[in-house]
Amino acid sequence: MPYRPPLVPYETFVADPPDLPVRGPDDDGPAVLTRAELAGTDPHGVTLKATLTDGATTVVRIDAAGHGVIRVRLADDPQARSRSARAVTLVHPPMYPATVSTFDRCVRVSAGALAAEIHLDPWRIRFLRPDGTVLVEQDRGTADISGRQRTLPFGRSTVDGMRVAWHESFVAPGDERFVGFGEKFTPLDKRGQRALMWNFDAFGSESDRSHKNVPFYLSNRGYGVLVDSGLPVQFDVCQSTHSAVQILVPDDLLDYYVLAGPDPAEVLDRLDWLTGRPYLPPRWAFGTWISSGFFPDSQRQVLDRARRIRQHGIPCDVLHLDCYWQVAGNWSDLRWDAEAFPDPAEMLRTLAGQGFRVCLWINPYLMTASPLYAEADRAGYFLRRPDGGTYIADVWHGSYPASAIVDLTNPQAVQWFTGLLRPLLEQGVAVFKTDFAEAVPADAVAHNGMSGVELHNVYALLFNDVVAGVTEEVTGHRTVWARSSYLGGQRHSAQWSGDVNATWPALAGTLRGGLSHGLSGVPFWSHDTGGFHGTPDPELYVRWSQFGALSPLLRLHGTTSRLPWDFPAQAQRHVVAALRLRYRLMPYLWSAAVRAARTGAPMMRALLVDTPDDPTAWTTDLQYRLGTDLLVAPVIDPVAGRDVYLPEGDDWIDAATHRRYAGGQHLRVTVPLSRTPLYVRHGALLPLIAPGDTVGDGPFTDVTLVSWGAVDGATVVHDIDGDTNIEAIRDGPQLRVRTRGPLRVGQLVLAGVGDDEHRPARSLLNGEVVTVGSFAGLFPARD
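In short, a report on the structure. (Residues numbered from 1 in each chain as written. Predicted model: local features only at pLDDT ≥ 70, side-chain atom pairs only at ≥ 80, totals over all residues. Heavy atoms only, no water.)

**A short note on the sheet that holds strand β44 (residues 745–751)**
Then step 1. Reading across from one edge, β39-β40-β44 is the order of the 3 strands in this open sheet, with mixed pairing throughout. The sheet terminates laterally at β39 (685–688) and β44, the two strands that pair on one side only. Strand-to-strand twist across the sheet, computed as the mean angle between neighbouring axes with direction ignored, equals 25°.
Then step 2. Pairing analysis gives 4 bridges linking β39 to strand β40 (residues 703–708), with the strands arranged antiparallel. When the sheet's bridge partners are listed, L685 is paired in β40 with S707. (Pairing = 2+ DSSP bridges. Helix = DSSP H or I, 4+ residues; strand = E, 2+ residues; numbered from the N terminus. Axes fitted to C-alpha atoms, helices over the stretch in contact; angles between N-to-C directions.)

**A look at empty space enclosed by the protein**
Then step 1. Taken as a whole and assessed by the stated rule, the structure comprises 3 cavities of 30 Å³ or more.
Then step 2. What the largest cavity holds in volume is close to 70 Å³.
Then step 3. Taken together, Q546, L550, A577, A578, L581, S674, R675, T676, F779 and P780 make up the lining of the largest cavity.
Then step 4. The element that contributes the greatest number of residues to the lining of the largest cavity is helix α10 (residues 569–584), accounting for 3 residues.
Then step 5. The residue inventory of the lining of the largest cavity, partitioned by class, reads 6 nonpolar, 3 polar and 1 charged. (1 Å grid on protein atoms, 1.4 Å probe; cavity = no way out; pocket = protein on both sides within 12 Å on 5 of 7 lines; lining within 4 Å. Points joined across faces, edges and corners; volume = space filled by probe spheres on them. Nonpolar A, V, L, I, M, F, W, Y, C, P; charged D, E, K, R; others polar.)

**Focus on the packing of aromatic side chains**
Then step 1. Scanning all chains against the criterion turns up 34 aromatic pairs.
Then step 2. With centroids separated by 6.0 Å and ring planes inclined at 45°, the aromatic side chains of F294 and Y324 adopt a geometry described as tilted. Pair noted here: F294 is in the loop between β19 (288–291) and α2 (299–311) and Y324 is in the loop between β20 (318–321) and α3 (344–353), with a separation of 30 residues, a long-range link. Accessibility classification places F294 together with Y324 in one group, the buried group.
Then step 3. An aromatic cluster of three or more residues is present, and its members are F294, Y324, W331, W361, Y365, W396, Y400, F436 and F532.
Then step 4. Above the face of the F356 ring, R310 is positioned so that its terminal group lies 3.8 Å from the ring centre.
Then step 5. Across from the ring centre of W496, 4.9 Å away, lies the NZ or CZ of R555, which sits over that ring. (Phe/Tyr/Trp six-rings, centres within 6.5 Å; stacked < 30°, edge-to-face > 60°. Buried < 20%, exposed > 50% of the residue type's maximum accessible area, 1.4 Å probe, protein only. Lys NZ or Arg CZ within 6 Å of the ring centre and 35° of its normal.)

**As for the sheet that holds strand β8 (residues 123–128)**
Then step 1. Spatial ordering of the open sheet is given by β5-β6-β7-β8-β9, a layout of 5 strands whose pairing is antiparallel. For this open sheet the edge positions go to β5 (99–103) and β9 (134–137), each flanked by a neighbour on one side alone. Adjacent strand axes in the sheet meet at a mean angle of 20°, parallel and antiparallel pairs treated alike.
Then step 2. One ladder, built from 5 bridges, connects β5 with strand β6 (residues 106–110); its direction is antiparallel. Within β6, the residue paired with S101 across the bridge is R108.

**Points about the side chain of R642**
Then step 1. Examined against the element boundaries, R642 turns out to sit in strand β34 (residues 641–646).
Then step 2. We note that R642 is buried and unpaired, the nearest opposite charge coming from D643 at a distance of 7.3 Å.
Then step 3. Of the polar contacts made by the side chain of R642, one reaches the backbone oxygen of L622; its length is 2.8 Å.
Then step 4. The residues contacting R642, other than those within four sequence positions of it, are L622, Q623, A633, P634, V635, L667, R668, V669 and P677. (Lys, Arg positive; Asp, Glu negative; His and termini not counted. Salt bridge = Lys/Arg side-chain N within 4 Å of Asp/Glu carboxyl O. Polar contact = N/O pair within 3.5 Å; in protein donor to acceptor, adjacent residues only side chain to side chain. Contact = heavy atoms within 4.5 Å.)

**Quick notes on the pattern of salt bridges**
Then step 1. Per the counting criterion, the structure on display carries 47 salt bridges.
Then step 2. Two residues, R61 and D42, come together in a salt bridge whose shortest N-O distance is 2.8 Å. Placement of the pair is R61 in strand β3 (residues 57–64) and D42 in strand β1 (residues 31–42), with a sequence separation of 19 residues.
Then step 3. One network of salt bridges, with partners in common, ties together D54, D76, R83, R86, R156, R163, D251, D252 and E454.

**Some words on α3**
Then step 1. Three or more residues of α3 are buried, namely P344, A345, M347, L348 and L351. Angular distribution of buried residues about the axis of α3 spans 160°; they occupy a single face of the element. Facing away from the buried side of α3, by more than 90 degrees, are the exposed residues R349 and G353.
Then step 2. Among the structural elements, α2, β20, β21 (357–362) and α5 (411–427) are those in contact with the buried residues of α3.
Then step 3. The first or second residue beyond α3 is G355, which carries a positive phi of 90°. (Arc of directions from axis to C-beta.)

**Thoughts on the packing of α10 against helix α11 (residues 586–599)**
Then step 1. Interaxial distance between α10 and α11 falls to 5 Å at its minimum, and their mutual angle equals 65°. Facing α10, whose interface residues are R582, Y583 and R584, α11 presents M586, P587 and L589.
Then step 2. When the residues that make up the contact of α10 with α11 are grouped by side-chain class, the tally is 4 nonpolar, no polar and 2 charged.

**A few points about the environment of D236**
Then step 1. Structurally, D236 can be placed in strand β16 (residues 234–237).
Then step 2. With a relative accessible area of 2%, D236 lands in the buried category.
Then step 3. Between the C-alpha atom of D236 and that of I247, which follows or precedes it by 11 residues, the distance is 6.3 Å.
Then step 4. Setting aside anything within four residues of it in sequence, one finds D236 in contact with Q193, R194, A244, V245 and Q246.
Then step 5. At 2.8 Å, the side chain of D236 and the side chain of R194 are in polar contact.
Then step 6. Separated by 2.9 Å, the side chain of D236 and the backbone nitrogen of Q239 make a polar contact.

Without other data, these values stay purely geometric and don't point to any function.
Right, here's the structure in full:
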């Protein structure tokens, strides 16, 4: 379980992970693989019979699992699978042809861009690039002066004759960087950290606890490592020894993949190819979501909120109703509170007429006071204790009544649960917020025989699969708004960072979590804009809203109101301006979203995604690219100033001042409250539209194309009626812009051109001379 510092109180969690044993000085060391012999080859790889230091034999299987992907398995039983696979298959490797070569005491398995070179005696695997150089290699282990093994090389560990974990270790050069592991709120480079793959209620964004773990990491040396297990895998990332990454897998086998790059985007593409492509939410989901907040609500209040949102001209597509649409004390029995919401069907019709979609909060637990509990309990729809009794767990950490946990391995329980959701969707609800799902206790017992440890992480996938499935059945889309997830969870869009604190440090931690999750194959992510716990001061509310407006997805939500009119007039004005900027950018944002769904690369891109050869990019974790052409540096401190790093390889234009800067430098910037530090890549072609009340269902119309720098450039705008390729060519005093596709550009404007010397004398759009419009800028004229 996570480290608990001395004397500091800590939050209890009903589902803490079991600890692996601590080996004593006189205990036997790990059983490490020392040599192997070739047992067979086939078109996909090799099977080897291996000997361990304790004299036992085991089986190693090495396959090509795709172009540039090598799979390695170590097990006593060659047919072994992860114990979590009884509920969910996490990785879907294809049957891919390998090139197998055998030499004296050496075997090579090649998969195009990657090869595994296997030395049989003494044992060692090296993973090679196509030119034969080493990409990454196994660490043989480190012994102390007394000869005791201090690391955990390729092999297994037992205690009292029982196997407790398999393990693998890789050499880590001193300058190697590691990112990924899911939504981790710690510094982006995980070197020196220990990443535990166990979904927690994270209680904010300021610790190493995480709602969404992904057993995958990405290295700046041009590769990734993916472990196929739903058990509490641990990654010791150069923590106990600075020279190695050690992987501990308490499962029936060690099953991992090495994914070649060389670029991070290529590694992420291969990751999502193995685990599933991200689901692209419908376009309305990229509009603003405004929440009722976590406090009592009513039909009258919902309708009043909707009226005032439209009255104030606040762009908004989704109204979220949190827990109190149900009867307090009965959560989550998925029934309207008839007193507070006397006619929900009429309310939903009214909101639809105003252009709103409605999201309802749910979780997979049921408080025992609910009228539905007794019958569901008799039917066996809940997880059980080892003695067979229903597991009533403190899933709300003492703040609300304990609850039973729906057993989603039980087909009849799933049928019952979806039977409660379906009428809500048929009534007009558009989407569900799938909250919690991290609280399966380690000693729980499921209908299919899985233990709580085996089910704990993948339970979030089951929950979101069930809700996404019934949502698609009724509405045609699979969108959920999920708090917890695991490997393969990119099929559940969207995901948000959970209940973070309304503080400046929490804003920074939340940003790090989003970047980390994007580097784990999950592109559609959001956060509680303004923070969840507490009330943000007006400045924090504005700064967080500016960050939210330039995030992949956006929702305002908290334990107190996040409605703009509940803050001072100046704060309200700045927040609404940030939301309108988001809606102006919608053709750009939607195009970035489509590319992310097709490739697995994040929308909110850590700098290393686009400039992996820039060492500074691997440690810069408080700014990001939104798509490829916008550089966003949220203000994370009330002094309003901050350092901004401009990545190498491009020049950058300040979106407010239009001043141009060379890449590869740091700036110290101070900006007024009306805007956030935002830079546009020199040469970008940015499509804009007039902001409306909603995103809209039809194709983008009246598009203004902004050429930043009036130089050569190209982009693709994706829309519901097809893709449009746009190319700009600067030919001396002339700028020629051509579009190929359905998008209709109504106006061409220039930005960041500077003096008249750099401004083209003539501009052509699709061969016609056009009058170039005056660009008012991305931010309001008044600060």
